[in-house]
Amino acid sequence: MNRGPVTRPTLLESVKDANNNEAWDRFFELYTPLVQAYSNSRGCNPEMADEVLQETMISLLAELPKFEYTPGRGRFRSYLLSIVNNRIRRAFQRQSIHQNRHNSLEAIENTGKQHSISLIDTKLDQPGSDWDKLWENNIALQALIQVRARVGQIAYRSFELNVLEGWSVKTVAAELSLSPNEIYQHKDRLKKMLRQEYQTLVLEIGE
Amino acid sequence: MKNLDELQQRLKEAYKSPITPLLEKPCNVKSRIDLVRQALDGKSLPSKIGAHLLIKTKALHEWHSLTRTVTIGADATNDIVLNSTFVSRIHCRLDCIEGNWQLHDPGSRNGTYVNNIRKTNVLLASGDLIMIGDITLIFVDNTTSERL
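Residues numbered from 1 in each chain as written. Chains lettered and ligands numbered in written order. Predicted model: local features only at pLDDT ≥ 70, side-chain atom pairs only at ≥ 80, totals over all residues. Heavy atoms only, no water.

## Topic: the overall build of chain A
Scanning chain A for helices and strands turns up nine helices and zero strands. Of the regular secondary structure in chain A, the N- to C-terminal order runs α-α-α-α-α-α-α-α-α. When each of the 207 residues of chain A is scored for burial, the buried share is 53%. Across chain A, every contact between residues at least 6 apart in sequence was considered, and the portion connecting residues at least 24 apart equals 72%. Carbon and sulfur atoms make up 51% of the accessible area of chain A, which totals about 9,600 Å². (Helix = DSSP H or I, 4+ residues; strand = E, 2+ residues; numbered from the N terminus. Buried < 20%, exposed > 50% of the residue type's maximum accessible area, 1.4 Å probe, protein only. Contact = heavy atoms within 4.5 Å. Areas by Shrake-Rupley, 256 points an atom, 1.4 Å probe, with all protein chains shown as cover.)

Structure, rendered in structure tokens:
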């Protein structure tokens with residue numbers, strides 16, 4: 001199936017309806033890896049990263065019905081980052097309170113507070129920032145997942161080994177019992193599909 | 001993304017990034033959010049700043065704003081009275097500690113469950129599902145910096 005870039009309504013519009021299960025499933029699927037990877041990169045353990053994700057989604061559930069996406073007037077990714085940073089700070093606060101209750105060492109409180117502040121209190125949504133890179137990487141990988149679901153196993157594996165793992169065409173051809181020409185064909189076809197899927201995703205989730 | 005080569009480069013970088021192992025990893029937060037959405041039953045979450053508690057039964061859908069310590073139980077002297085045979089007279093208490101809300105169960109007969117785990121003392125996160133007997137409570141904490 002070939003999905004054109006203008007056929008899907010924007011996801012941000014669709015999730016304004018809290019009863020739209022399909023939109024919420026998609027929203028969750030798209031943003032969960034991004035929020036978790038960012039929380040991990042800020043020092044959250046898996047339990048804290050889950051709390052950050054949960055609190056972020058609850059905030060969005062409350063705020064998105066009021067959200068009006070206007071391209072060029074503030075980016076959703078900046079807004080989402082502000083929520084995630086806020087929730088990471090709260091998760092560190094809770095961890096600090098919890099640790100203090102079970103351990104009287106003053107150092108733990110100081111470490112917890114300093115850690116959260118030093119990692120978060122900077123402008124992090126600029127181009128090239130950790131958040132920005134994770135956002136772009138997430139869209140690229142989500143596009144890859146969509147394409148993988150639409151092509152055969154051999155075609156995907158050929159692309160994965162050659163383009164993503166960096167194997168030579170000769171090695172991939174031998175591994176998958178394909179001709180070098182077939183490897184090039186899979187590569188060209190998947191790259192074009194990926195670009196289309198990437199553009200569709202950008203339209204779907206905004207900037 | 002301007003061209004195919006740029007996309008290919010981005011994808012190679014993304015493939016090795018910390019996001020890749022998380023992409024299709026099962027996530028138990030999803031089921032919690034689904035339960036919250038289900039409990040809301042099409043109604044909105046409170047937009048008022050601060051912490052709120054939704055009391056949800058078949059007949060009841062009631063939000064309480066949390067501003068000070070509240071007690072929850074079957075006895076009429078509690079701040080939030082829950083009429084159920086599974087609820088103890090004084091079942092649990094919510095205290096605000098450094099801007100965070102803590103649930104304390106002093107020893108209720110049937111226990112207090114937060115996200116399906118029995119707890120006696122726990123700091124709540126926004127979206128936590130609390131089960132007291134057969135009654136569901138949802139804790140939500142709104143902060144100013146997340147307003148649109």
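## Notes on the packing of aromatic side chains
Residue and element names in this part refer to chain A. Using the criterion set out here, one finds nine aromatic pairs over all chains in the structure. When the ring of F76 is compared with that of Y79, the centres are 6.3 Å apart and the planes differ by 50 degrees; the resulting orientation is tilted. Of this pair, F76 and Y79 both sit in helix α4 (residues 76-102), separated by three residues, roughly a single helical turn. An identical accessibility class is assigned to F76 and Y79; each is buried. Counting every residue linked through ring pairs, the aromatic cluster contains W24, F27, Y31, Y38, F76, Y79, W131 and W135. A cation over a ring is seen here: R148 above Y156, with NZ or CZ 5.9 Å from the ring centre. (Phe/Tyr/Trp six-rings, centres within 6.5 Å; stacked < 30°, edge-to-face > 60°. Lys NZ or Arg CZ within 6 Å of the ring centre and 35° of its normal.)

## A closer look at helix α9 (residues 180-205) of chain A
Between its first and last C-alpha, α9 of chain A extends 37 Å over 26 residues, near the 38 Å set by a 1.5 Å rise per residue. Taken as a whole, α9 of chain A has its buried residues at I183, H186, L190, K191, M193, L194, E197, Y198, T200, L201, E204 and I205 of chain A. (Expected span 1.5 Å × (residues − 1).)

## Some words on the pairing of strand β5 (residues 92-97) of chain B
Residues and elements named next belong to chain B. The pairing of strand β3 (residues 70-73) with β5 spans three bridges and is classified as antiparallel. Its bridge partner being in β5, V70 is matched across the sheet by L94. Relative to strand β6 (residues 100-104), β5 is paired through five bridges, and the arrangement is antiparallel. Pairing of D95 across the sheet is with Q102, part of β6. Taking the residues that link successive antiparallel strands as the turn, the β5-β6 hairpin has two residues, and the phi of E98 there is positive, at about 50 degrees. (Pairing = 2+ DSSP bridges.)

## Overview of the confidence of the model for chain A
All names here are of chain A. In the predicted model, chain A carries a mean pLDDT of 83, and 80% of its residues have values of at least 70. Ranking the elements of chain A by mean pLDDT puts helix α5 (residues 106-120) last, at 46, and helix α8 (residues 169-176) first, at 96. The low-confidence segment residues 1-8 (pLDDT under 50) makes 18 contacts with residues lying over four places distant or belonging to another chain. Taken together, the stretch residues 111-122 has pLDDT below 50 and engages in 12 contacts with residues farther than four places along the chain or on a different chain. (pLDDT = per-residue confidence, 0-100.)

## As for the side chain of N115 of chain B
Looking at the secondary structure, you find N115 of chain B in the loop between β7 (112-114) and β8 (117-119). Polar contacts involving the side chain of N115 of chain B include one to the side chain of D128 of chain B, which spans 2.8 Å. Apart from residues lying up to four places away in sequence, N115 of chain B is in contact with Q54 of chain A together with R32, D128 and L129 of chain B. (Polar contact = N/O pair within 3.5 Å; in protein donor to acceptor, adjacent residues only side chain to side chain.)

## What about the interface of chain B and chain A?
In this assembly, 52 residues from chain B lie in contact with 59 residues from chain A. Regarding the contact of chain B and chain A, the summed buried area is about 5,100 Å², with carbon and sulfur atoms giving 62% of it. Here chain B and chain A share four salt bridges between them. A salt bridge links E24 of chain B to R148 of chain A, with the nearest nitrogen and oxygen atoms 2.5 Å apart. Our enumeration of links across chain B and chain A arrives at 16 residue pairs in polar contact (both at pLDDT 80 or more). Among the elements that take part in the side of chain B that touches chain A, helix α1 (residues 4-15) of chain B stands out by supplying 10 residues, more than any other. Counted by class, the side of chain B that touches chain A contains 22 nonpolar, 15 polar and 15 charged residues. (Buried area = accessible area lost by both parts, 1.4 Å probe. Salt bridge = Lys/Arg side-chain N within 4 Å of Asp/Glu carboxyl O. Nonpolar A, V, L, I, M, F, W, Y, C, P; charged D, E, K, R; others polar.)

## Observations concerning helix α3 (residues 46-63) of chain A
Residue and element names in this part refer to chain A. With 18 residues, α3 should cover 26 Å at 1.5 Å per step; its first-to-last C-alpha distance of 25 Å lies within 8% of that length. Across the 18 residues that make up α3, a large majority, 14, are buried. Sitting at the head of α3, N45 places a side-chain oxygen 3.1 Å from the backbone nitrogen of E47.

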